[in-house]
Amino acid sequence: MSLNVLFAARPERWVTYEAPLRQALDAAGITAHLSTDITPQDVDYIVYAPNSTLQDFTPYTRAKAVLNLWAGVENITNNDTLHIPLARMVDPGLTKGMVEWVTGHVMRYHLGLDTDIRKTDTDWTPRTPPLAQERQITILGLGALGAAVAETLVSLGFNVTGWSRSPKEISGVTCLHGDDGLRDALHSAEIAVLLLPNTPDTENTLNAETLAQMPKGAFIINPGRGALIDDDALLAALDTDQIAHATLDVFRIEPLPSEHPYWAHPKVTVTPHIAAETRAITAAQAVVENIRRGEAQEPFLHLVDRANGY
């Protein structure tokens, strides 16, 4: 029997994903009718982006799962019409991209590359950059992305502390959790990387109080969610040199408004939400694996806990 798989995302995404999804379905031996237009009562699976025009899931009475194309699910978890399993995207390509982007910015701060790049005179003052084993890095958020980043930085020799709301165990990483754990994690964070989900509990994780708990002159890298940082508190911490520099890839409003003070601040690097992009080929394979699992009556991968919001 052929499955009906609805692709519910913006038209430009269909152009990107149609061929990789068909190839992945064929490779998995799944016969499926893949389309952007299927009668709701006939749909078996929904491949979904939260900015789709599909916002009412009530008519999709036969659907077995919603398979999100985004890693973030905060724009769908509060949809009261969604009563079927929701799986978030964990894309190996996205994960590798995030690891590489974070590692690059960590190395920039760790080695003090700006000192050399921004030289404008003939200063020839030698300096010895520290070794990775002399640097303390904290990862806030130990989900799939945070764990992958932490493991890579450990492999490079850094001292890595990770913090999450619930207990985690990662080889080579000092894993902390809870409010006391956050304080301890920030206390040693010479470089802090934010990879928490966006939930009411994580909003403003970095605020005036928590920024003050970091070592003076610390660095911040945020490729996670804009709402994790209290912007006014960060600007104040930068102006007092409590924080030496921040690289910010995500913001509360995107694109970042032209009048926002981050643009002109000399201690802020703005990047346009480029840290990690879903790769169509590997993402399609992840989607199809969950379809295969659904048909084999195996547990879906990366199911979202609606109560926790991720």
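Residues numbered from 1 in each chain as written. Predicted model: local features only at pLDDT ≥ 70, side-chain atom pairs only at ≥ 80, totals over all residues. Heavy atoms only, no water.

**Q** Which residues make up the environment of Leu211, and what values do they have?
**A** Within the element layout of this structure, Leu211 appears in helix H6 (residues 208-212). Along the backbone, Leu211 and Leu238 are 27 residues apart, and their C-alpha atoms lie at a distance of 10.0 Å. (Helix = DSSP H or I, 4+ residues; strand = E, 2+ residues; numbered from the N terminus.)

**Q** Lay out the sheet that holds strand E2 (residues 32-35) with the relevant residues and their values.
**A** Ordered in space as E2-E1-E3-E4-E5, the five strands form an open sheet in which the pairing is parallel. Each edge of the sheet is formed by a strand with only one pairing partner; in this case those strands are E2 and strand E5 (86-87). One ladder, built from two bridges, connects strand E4 (residues 65-68) with E5; its direction is parallel. Bridging from a neighbouring strand, Val66 pairs with Leu86 of E5. Sitting on the sheet, helix H1 (residues 11-27) touches strand E1 (3-8), E2 and strand E3 (45-48), and the angle it makes with E2 is about 170 degrees. Its contacts with the sheet put helix H8 (residues 280-295) on E1, E3, E4 and E5, and the angle it makes with E3 is roughly 160 degrees. (Pairing = 2+ DSSP bridges. Contact = heavy atoms within 4.5 Å. Axes fitted to C-alpha atoms, helices over the stretch in contact; angles between N-to-C directions.)

**Q** Describe the packing of aromatic side chains, with residues and values.
**A** In the structure shown here, the tally under the stated rule is five aromatic pairs. Between Phe7 and Tyr17 the ring centres are 6.1 Å apart and the planes differ by 35 degrees, which places this aromatic pair in the tilted class. Of the two residues, Phe7 is situated in strand E1 and Tyr17 in helix H1; the sequence distance between them amounts to ten residues. A residue is classified by how much of its surface remains accessible, and Phe7, at 2% relative accessible area, is buried. (Phe/Tyr/Trp six-rings, centres within 6.5 Å; stacked < 30°, edge-to-face > 60°. Buried < 20%, exposed > 50% of the residue type's maximum accessible area, 1.4 Å probe, protein only.)

**Q** Lay out the packing of helix H2 (residues 92-111) against helix H4 (residues 144-155) in plain terms, naming residues and giving numbers.
**A** The angle between the axes and the distance between the axes are what describe a pair of packed helices. In the contact formed by H2 and H4, the axes pass within 9 Å of each other and the chain directions differ by 50 degrees. With respect to their mutual orientation, H2 and H4 come out oblique. Classified by chirality, the crossing of H4 by H2 is right-handed. Each of Leu94, Thr95, Met98, Val99, Val102, Thr103 and Val106 in H2 lies in contact with H4, whose residues at this interface are Leu145, Ala148, Val149, Thr152 and Leu153. (Parallel < 35°, antiparallel > 145°, perpendicular 65-115°, else oblique. Left-handed = near helix turned anticlockwise from the far one by under 90°.)

**Q** How would you sum up the sheet that holds strand E10 (residues 218-222)? Please name residues and give values.
**A** Taken in spatial order, the seven strands line up as E8-E7-E6-E9-E10-E11-E12 in an open sheet, and their pairing is parallel. Strands at the two margins of the open sheet, each flanked by one partner only, are strand E8 (174-177) and strand E12 (268-270). Across this sheet, the average inter-strand angle for adjacent strands is 15 degrees, counted without regard to direction. On top of the sheet, H4 reaches strand E6 (136-140) and strand E7 (159-164); it is set at about 165 degrees to E6, its chief contact. Contacting E10, strand E11 (243-248) and E12, helix H7 (residues 231-239) runs over the sheet at an angle of about 140 degrees to E11.

**Q** Break down the side chain of Asn79 for me, citing the residues and quoting the values.
**A** With respect to the secondary-structure elements, Asn79 resides in the loop between E4 and E5. Those residues within four positions of Asn79 in sequence are excluded, and the remaining contacts are Gln55, Phe57 and Arg306.

**Q** Break down unusual backbone geometry for me, citing the residues and quoting the values.
**A** Look at the link from Glu254 to Pro255: it is a cis peptide, with omega at -5 degrees. Residues other than glycine seldom take positive phi values, yet His273 does so here, at roughly 55 degrees. Residue position: His273 is located in the loop between E12 and H8. For His273, a relative accessible area of 32% puts it in the partly exposed group.

**Q** Please give an account of empty space enclosed by the protein that cites residues and values.
**A** With a probe scaled to a water molecule rolled over the atoms, the places where space remains empty come into view. Tallied over the full model, the rule gives two cavities of 30 Å³ or more. Volume-wise, the largest cavity comes out at about 70 Å³. With three residues, H8 is the single largest residue contributor to the lining of the largest cavity. The residue inventory of the lining of the largest cavity, partitioned by class, reads six nonpolar, three polar and one charged. (1 Å grid on protein atoms, 1.4 Å probe; cavity = no way out; pocket = protein on both sides within 12 Å on 5 of 7 lines; lining within 4 Å. Points joined across faces, edges and corners; volume = space filled by probe spheres on them. Nonpolar A, V, L, I, M, F, W, Y, C, P; charged D, E, K, R; others polar.)

**Q** If you had to explain the environment of Thr81 to someone new, which residues and values would you point to?
**A** Residue position: Thr81 is located in the loop between E4 and E5. Residue classification places Thr81 among the partly exposed residues on the basis of a relative accessible area of 23%. As for Thr81 and Gln55, which are separated by 26 residues in sequence, their C-alpha atoms are 8.1 Å apart. Other than its neighbours up to four places away in sequence, Thr81 contacts Gln55, Asp56, Phe57 and Thr58. A distance of 2.9 Å separates a polar atom in the side chain of Thr81 from the backbone nitrogen of Phe57. (Polar contact = N/O pair within 3.5 Å; in protein donor to acceptor, adjacent residues only side chain to side chain.)

**Q** Just give me the short version of the pattern of salt bridges, but keep the residues and values in it.
**A** Oppositely charged side chains can form a pair if their charged atoms are brought close together. All told, the structure shown has 16 salt bridges when counted by the stated rule. Of the charged contacts, one joins Glu289 and Arg293 as a salt bridge, the two residues approaching to 3.0 Å between their closest N and O atoms. Taken together, the positions of Glu289 and Arg293, both in helix H8 and four residues apart, correspond to about one turn of that helix. The exposure class of Glu289 is partly exposed, given its relative accessible area of 26%. Residue classification places Arg293 among the buried residues on the basis of a relative accessible area of 18%. Linked through salt bridges whose partners overlap, the residues forming this network are Glu289, Arg292, Arg293 and Glu298. (Salt bridge = Lys/Arg side-chain N within 4 Å of Asp/Glu carboxyl O.)

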